[in-house]
Structures are given as C-alpha cells and as structure tokens.
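A closer look at the structure
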Amino acid sequence: DIAAAKKANKALIYTYGLSPFSTEAVAILEASGYEFENIELGAEWFALGGYESVARVELSKEVESGATSLPKIFIGGQCVGGCAELAALAESGELDG
C-alpha cells in the first residue's frame, strides 16, 4: 500500500530494475546518506502497462501530470518527482542525510 509506505519511511523510492534512471536515483540517495526504502516493481509494472498494473495506476495519481515513469521518489510523504528532481535536490544540498 503506497500510502502506508509513504508514512513509514523518511524517503521512499519506487524503481524498476531495468531503468537506468532508477539505478541513478538509488545511487544519489545512497551517496547522500539519506535514509530510504527502495521498492522495486517487477515486470508487471512494465508488461501490464496502462491501467492493468495497480501500482502503476496508483503511482501515477501522485503526480499532477499523471506520469507513470519510474523512479517515483517520496520525501516526507510528498512526491518530489523522478531522478532529475532528486539530482537537483542533492546538488542544492537539500538531501544531506
């Protein structure tokens, strides 16, 4: 359950193993020392696509654009976006763990 995971973790990232952006985002979090939980979505996220993947639909509701791309990163329960947004936070020093 996404809502419960957001509440239970300082930072939460939903990733897909074959996504280079997911790999980069995890590396950014690890390098920052920020405490986080990684939930890797399996092939169902990619294969089912659209509205067949429950996780994909629920995550798309977390961003105004409805984007289903991964990673999706939550800090303090709020979706900050994906890899580019996380990189900007790290660069500005806002991720200092």
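Here is a short report on the structure shown in this document. (Residues numbered from 1 in each chain as written. Predicted model: local features only at pLDDT ≥ 70, side-chain atom pairs only at ≥ 80, totals over all residues. Heavy atoms only, no water.)

This part is about the layout of surface pockets. Considering only enclosed or pocket space, the largest pocket measures out at about 180 Å³ in volume. Contributing to the lining of the largest pocket are 13 residues, with Ser69, Pro71, Gly81, Gly82 and Glu85 lying nearest its centre. Among the elements that line the lining of the largest pocket, the one with the most residues is helix H5 (residues 83-92), at 3 residues. Grouping the constituent residues of the lining of the largest pocket by class yields 7 nonpolar, 4 polar and 2 charged. (1 Å grid on protein atoms, 1.4 Å probe; cavity = no way out; pocket = protein on both sides within 12 Å on 5 of 7 lines; lining within 4 Å. Points joined across faces, edges and corners; volume = space filled by probe spheres on them. Helix = DSSP H or I, 4+ residues; strand = E, 2+ residues; numbered from the N terminus. Nonpolar A, V, L, I, M, F, W, Y, C, P; charged D, E, K, R; others polar.)

Under the counting rule described, the total for this entry stands at 1 aromatic pair. For the pair tyrosine 14 and phenylalanine 74, a centre-to-centre distance of 6.2 Å together with 80° between the ring planes defines the contact as edge-to-face. Of this pair, tyrosine 14 sits in strand S1 (residues 11-16) while phenylalanine 74 sits in strand S3 (residues 72-75); the two residues are 60 residues apart in sequence, bridging distant segments of the chain. As far as the burial class goes, tyrosine 14 and phenylalanine 74 line up, both buried. It is lysine 10 that lies over the ring of tyrosine 34; its NZ or CZ is 4.6 Å from the centre. (Phe/Tyr/Trp six-rings, centres within 6.5 Å; stacked < 30°, edge-to-face > 60°. Buried < 20%, exposed > 50% of the residue type's maximum accessible area, 1.4 Å probe, protein only. Lys NZ or Arg CZ within 6 Å of the ring centre and 35° of its normal.)

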